[in-house]
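# A closer look at the structure
Here are the chains, one letter per residue:
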Amino acid sequence: MSAKLFKGAEYLISEVSSADVFTPEDFSDEQRQIGATTEQFVLNEVLPHREEIEHHNLPLTVELMKKCGELGLLMIDAPEEYGGLELDKATSMLAAEKLAQAGSFSVTYSAHTGIGTLPLVYYGTKEQKEKYLGKIISGEWIAAYCLTEPGSGSDALGAAATATLSPDGRHYILNGTKQFITNGGIANLYTVFAKIDKQHFTGFLVERTTEGLSVGAEENKMGVRGSSTTQIILEDAMVPVENLLGEIGKGHKIAFNVLNVGRFKLGAGATGAAKRAITEGVRYANERKAFGVPIATFGAIQEKIADQTAAIFASESVVYRLAGLIDDRLATIPKETPDYYEAYQEGIEEYSIECAIAKVFCSEMLADTVDAVVQIHGGYGFIQEYAAEGYYRDERINRIWEGTNEINRLLIPGIILKRAMKGEIPLQKEAMKAFESLMSPSFDELDDSLPFAAEKALLANLKQAFLVLAGSGVQKFMNTIKDEQEILLAVADVAINIFAIESAILRAEKILPALSDSRKASIRAAVKVFTFNGSEKTASAARRAAYYIEEGDTLTMLLAGIRRFTRYDATGLLQAKRQLASASIAAEKYIF
Amino acid sequence: MKILVCIKQVPDLESRFKPNAEGVWYSETDLAWRMNEYDEYAVEQAVQLREKLGETTELTVLSIGPERVVEAIKKALAMGCDRAVHVRDSAAAAKDPWQIASIIAAYAKREGFDLIFAGMQSQDRGSAQVGVAVAEQLGYACTTTIVGFEYDNGAITAKRELEGGMKGVVRMKAPALITCQLGLNVPRYPTLPNIMKAKKKEISVIPVAELLTEGALANTTSFHSPAKKGGGVVLEGEVDLLVSQLLGILHEKTAVFR
């Protein structure tokens, strides 16, 4: 796909060229067709039943999953030798994005194809795959993943569920309760994590009909109410020893590795949901009149449409850039490699920082979008008859599951520091350089003939700000920095915004030459609006971090540096917002 | 047996159309493209027949147009056509239905198809002439706007949609051409495995110059938005006065009382 293979987090210390990012505009005909089939399925087969699904018609959901199976929508990530399609992550994300328009049904789909299927794909033996994978990718069986427990969530390894080998050595006897299990009530196969002899955290494939396995009552949820969420209760459940997944004591690898893809996919889903929500918002704004004119003519409404359109553009850019990063790396692993999936996992893990970024950035973008869409609807946004109300409730869970946004934020600087310690990222060296530039401001003139010169200059500066803050934090707290959560959260925000702004700019730069003049204007406007909003957020997070880390003269110097590093000349911002809003209002949908 | 299905790629009808610079067709800038809806019924029917007849039958899909039409061709392949012909023509939109038909007929003559499926009309030009003109130029039997289709050993039974909700049944012998109408079938979604398999199917490219011999019989002289009609007049006030006001307008501006 692209020329250069990037390492995880490398974006923070080096300049990335637009030729090196994958964008939605780079999709092949096949990928676009897969997107179209998925979208048609959602529009024609799922959305007409939205009401029934929301009222927990689970047999209908199961039926629709079978239809997904017939269309091949459950085969994307499964290996060819077991009847799968083994397509790239970009395709997988595109399908997730399109399906996300389906609300609760997309939760069933994502849990099944993601955390439900992937542990088996990555860690299953030949026999296990032969036995189960065909059923799962055809939709004959639904899959679920059981990690969380009533007493352990983010601290998943603190699980209390136990597994004990039976005296005859043929079964593991599982005991424990799993909590908030998506697809719990409709699944036929559960990937369950339990500790063998109360210490070796291990995965198991557990069939629904296993004696001793029972399914709890459906939870009454705030959102995504049509999906199934139950407890799974194991009371002396006899699981054949051949259903042990992966290795004894290596369950954490399974649990965490599928989470990387899960987080990333959540980002794609949030992007799709946001596109649908803003489309609904724009339609309503065109329809609804106040003071005798459509409310879409008001600047107050237009600004919301513009801000969110720009944010969705960035979100899309983040998701597919990351898909490209991962696909490029995975493409370097020959399929015949022994332990292919081991190498594959390492390939994905390389981008665990970016996966966490996608999770946090896209879910929060969606939160802002659905909030704006409810607000555009006014009182009607508060009424269940209007889709906006459902979007608002359905969004909330995205900031909680697949690792809360706090956990994901903490991971970002956490992993960066770990890699820096190991010498994989020259953080210290780069931070030193950044400190030097903090003392000696440069007065380079911008070369306006280059596209997005101001935005790129800002980006380079934001990276300096990140390095200075990370460097100061480490210097001040040394090894105990990992306990300074407020600082880590703030530094994570800086890293997240840099990735998002950079992704939006690079995509815009890459696609600009091929566009018509009016599209060019819209893309430029989106970049300006998003860069401005993003730089303001970054500046605020950076200042927060500075106050937390330093005091006295050093603090003053840091704050001065941040002021300089986050300066962005957004001349024409209002015109850009109006341009973006009017293009959206004319098209009555998300325009990119 | 050899079957041909003809498809056209048209703009998404939800697009905002503007006349092009020459003012004789719409501008293609920023349009999204898809397969003509009626052609989807044609492809579906052809694929169903192909599936029924089995491996001895070959189903070819043909489309005329610039590079972008390959996307529609690939969809037809993913729906189940065996091979494709892309008649490459960057000026297809400027050709009249007779010329388009002549291009298809020239290709079909070479191949000797037993059966040709086409959409009833295109969603953009909507002439509904291309299919019948192909049949005319090939000397094939032809029936149009079909909503029902059966094939048995060279004999075709087609149900046609007529004016006023009437239906007619037509029997023909191959070689024949039929054009397909809404209600004939429900086009399938291309499944993901079929989309990927279609990647390996052959798409042969023929430059239009190789097939075009006919000149245009009709030319579009102007393409423009309909003139805006004047707004209505709202009369307000007491009913007595309104009645006389209205009568006055009707006398003055209309032929109602003449």
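For chain A, the helix and strand inventory stands at 19 helices and 10 strands. Against the 2.2 N^0.38 benchmark of 25 Å for 592 residues, chain A shows a C-alpha radius of gyration of 24 Å, consistent with a compact globule. Based on the C-alpha atoms only, the size of chain A along its principal axes is roughly 75 × 60 × 45 Å. Out of the 592 residues in chain A, the part that is buried amounts to 59%. Counting contacts in chain A only where the partners sit at least 6 residues apart, residues at least 24 apart contribute 78% of the total.

The helix and strand tally for chain B stands at 6 helices and 11 strands. Here the C-alpha atoms of chain B give a radius of gyration of 23 Å, more than 25% beyond the 18 Å that 2.2 N^0.38 yields for 258 residues. Taken over the C-alpha atoms alone, chain B extends approximately 80 × 45 × 40 Å along its principal axes. Here chain B holds 258 residues, and 45% of them are scored as buried. For chain B, the proportion of contacts with a sequence separation of at least 24, taken over those separated by at least 6, is 71%. Within the structure as shown, chain B displays about 13800 Å² of accessible surface, and the carbon and sulfur contribution to it stands at 52%.

Time to look at the pairing of strand 10 (residues 176-180) of chain B. All names here are of chain B. When you tally the buried positions in strand 10, you get 5 out of 5 residues, the bulk of the element. Residues of strand 10 alternate between two faces, with Ala176, Ile178 and Cys180 on one and Leu177 and Thr179 on the opposite face, all of them buried. Pairing analysis gives 5 bridges linking strand 6 (residues 115-119) to strand 10, with the strands arranged parallel. In the strand pairing of strand 10, isoleucine 116 is matched with leucine 177. Examined bridge by bridge, strand 7 (residues 141-152) and strand 10 share 4 bridges and lie parallel to one another. Directly across from cysteine 142, in strand 10, lies its bridge partner leucine 177.

The next point concerns the pattern of salt bridges. Here the structure, examined in full by the defined rule, presents 46 salt bridges over all chains. For glutamate 280 of chain A, the salt bridge goes to arginine 283 of chain A, with nearest N and O atoms at 4.0 Å. Here glutamate 280 of chain A pairs with arginine 283 of chain A, and both are found in helix 8 (residues 251-287), just 3 residues apart, close to one helical turn. When the shortest N-O distance is used, the salt bridge between arginine 34 of chain B and glutamate 40 of chain B registers 3.2 Å.

Inspection of the entire model under this criterion finds 26 aromatic pairs over all chains. Both rings, one in tyrosine 340 of chain A and one in tyrosine 341 of chain A, keep their centres 5.0 Å apart while their planes meet at 70°; by these two values the pair is edge-to-face. By relative accessible area, which is 14% here, tyrosine 341 of chain A ends up buried. An aromatic cluster is defined as three or more aromatic residues linked by ring pairs; in this entry it consists of Tyr122, Tyr340, Tyr341 and Tyr344 of chain A. In this arrangement the basic side chain of arginine 564 of chain A is found over the ring face of phenylalanine 565 of chain A, its NZ or CZ atom lying 5.1 Å from the centre. Stacked on the ring of tryptophan 33 of chain B, the Lys or Arg arginine 68 of chain B has its end atom at 3.5 Å from the ring centre.

All names here are of chain A. Where helix 9 (residues 299-330) contacts helix 10 (residues 340-349), the axes come no closer than 9 Å and their chain directions differ by 150°. When the axis of helix 9 is compared with that of helix 10, the two are roughly antiparallel. Classified by chirality, the crossing of helix 10 by helix 9 is right-handed. Taken together, the residues of helix 10 that come into contact with helix 9 (itself represented by Ile326, Arg329 and Leu330) are Tyr344, Gly347 and Ile348. Its residues assigned to classes, the contact of helix 9 with helix 10 shows 4 nonpolar, 1 polar and 1 charged.

This part is about helix 3 (residues 58-71) of chain A. All names here are of chain A. Look at helix 3: 20 Å from first C-alpha to last across 14 residues, which is about the 20 Å you get at 1.5 Å a residue. The backbone nitrogen of leucine 60 has a side-chain oxygen 3.1 Å away, supplied by the residue at the start of helix 3, namely asparagine 57. Of the residues trailing helix 3, glycine 72 is marked for its positive phi of about 90°.

The buried fraction of helix 12 (residues 387-395) of chain A amounts to 8 of the 9 residues, a majority that puts the element mostly inside the structure. Looking at the packing, one finds that the buried side of helix 12 of chain A touches helix 2 (50-54), helix 8 and helix 11 (352-377) of chain A.

Our next topic: the interface of chain B and chain A. For interface size, the figure often reported is the accessible area lost on association. With 16 residues of chain B at the contact, the number on the chain A side is 22 residues. Carbon and sulfur atoms supply 63% of the area buried between chain B and chain A, which totals about 1600 Å² over both sides. Between the two partners, chain B and chain A, sit 3 salt bridges. The shortest N-O distance in the salt bridge between arginine 32 of chain A and glutamate 71 of chain B comes to 3.2 Å. Applying the counting rule to chain B against chain A returns 10 residue pairs in polar contact (both at pLDDT 80 or more). Secondary-structure elements contributing two or more residues to the side of chain B that touches chain A are helix 2 (70-79) and helix 5 (192-198) of chain B. In terms of residue count, helix 2 of chain B provides more of the side of chain B that touches chain A than any other element does, 5 residues in total.

Within the largest apolar cluster, 241 residues are counted, with the highest numbers of intra-cluster contacts made by Leu174 and Phe466 of chain A together with Phe117 of chain B. The element that contributes the greatest number of residues to this core is helix 16 (residues 485-511) of chain A, accounting for 17 residues. Filtering out sequence-adjacent residues up to four positions away, leucine 174 of chain A remains in contact with Thr162, Ala163, Val192, Ala194, Phe204, Val206, Leu234, Glu235, Asp236, Ala237 and Val239 of chain A.

Take the domain arrangement of chain A next. Residue and element names in this part refer to chain A. When cut into domains, chain A gives domain 1 (10-142), domain 2 (145-245), domain 3 (251-316 + 336-405) and domain 4 (420-587). Taking only C-alpha atoms into account, the centre of domain 1 sits 17 Å from that of domain 3. Each partner contributes residues to the interface: domain 1 has 25 residues there, and domain 3 has 26 residues. Between domain 1 and domain 3, the buried area comes to about 2300 Å², and carbon and sulfur atoms account for 64% of it. The interface formed by domain 1 and domain 3 holds 2 salt bridges in total. For the salt bridge of lysine 265 with aspartate 77, the shortest nitrogen-to-oxygen distance reads 3.2 Å. Counting only elements with at least two residues in the side of domain 1 that touches domain 3, the list comes to helix 4 (89-99), helix 5 (104-116) and helix 6 (118-123). In the side of domain 1 that touches domain 3, the residues fall into 15 nonpolar, 4 polar and 6 charged.

A separate point is a nonpolar patch on the surface. Taken together, the side chains of Val239, Val243, Leu247, Val256 and Phe257 of chain B make up a nonpolar region of the molecular surface, amounting to roughly 450 Å² of accessible area. Here leucine 247 of chain B shows up in helix 6 (residues 239-253).

Residue and element names in this part refer to chain A. Their axes nearest at 10 Å, the elements helix 15 (residues 453-477) and helix 16 cross at an angle of 160°. As summarised for this structure, helix 15 and helix 16 are arranged roughly antiparallel, according to the angle between their axes. The crossing of helix 15 and helix 16 is left-handed. On the side of helix 15, the interface is formed by Glu455, Lys456, Leu459, Leu462, Lys463, Phe466, Leu469 and Phe477, while helix 16 contributes Ile487, Val491, Val494, Ala495, Ile498, Ile501, Glu502, Ile505, Leu506 and Glu509. For the contact of helix 15 with helix 16, the residue count by class is 13 nonpolar, no polar and 5 charged.

Procedures and definitions
- Residues numbered from 1 in each chain as written.
- Chains lettered and ligands numbered in written order.
- Predicted model: local features only at pLDDT ≥ 70, side-chain atom pairs only at ≥ 80, totals over all residues.
- Heavy atoms only, no water.
- Helix = DSSP H or I, 4+ residues; strand = E, 2+ residues; numbered from the N terminus.
- Rg over C-alpha atoms; globule rule 2.2 N^0.38 Å.
- Buried < 20%, exposed > 50% of the residue type's maximum accessible area, 1.4 Å probe, protein only.
- Contact = heavy atoms within 4.5 Å.
- Areas by Shrake-Rupley, 256 points an atom, 1.4 Å probe, with all protein chains shown as cover.
- Pairing = 2+ DSSP bridges.
- Salt bridge = Lys/Arg side-chain N within 4 Å of Asp/Glu carboxyl O.
- Phe/Tyr/Trp six-rings, centres within 6.5 Å; stacked < 30°, edge-to-face > 60°.
- Lys NZ or Arg CZ within 6 Å of the ring centre and 35° of its normal.
- Axes fitted to C-alpha atoms, helices over the stretch in contact; angles between N-to-C directions.
- Parallel < 35°, antiparallel > 145°, perpendicular 65-115°, else oblique.
- Left-handed = near helix turned anticlockwise from the far one by under 90°.
- Nonpolar A, V, L, I, M, F, W, Y, C, P; charged D, E, K, R; others polar.
- Expected span 1.5 Å × (residues − 1).
- Polar contact = N/O pair within 3.5 Å; in protein donor to acceptor, adjacent residues only side chain to side chain.
- Buried area = accessible area lost by both parts, 1.4 Å probe.
- Core = buried A, V, L, I, M, F, W, Y, C linked by side-chain atoms within 4.5 Å.
- Domains from an automatic or database assignment.
- Patch = residues over 30% accessible without salt bridge, like charges linked within 9 Å, V, L, I, M, F, W, Y side chains within 5 Å.

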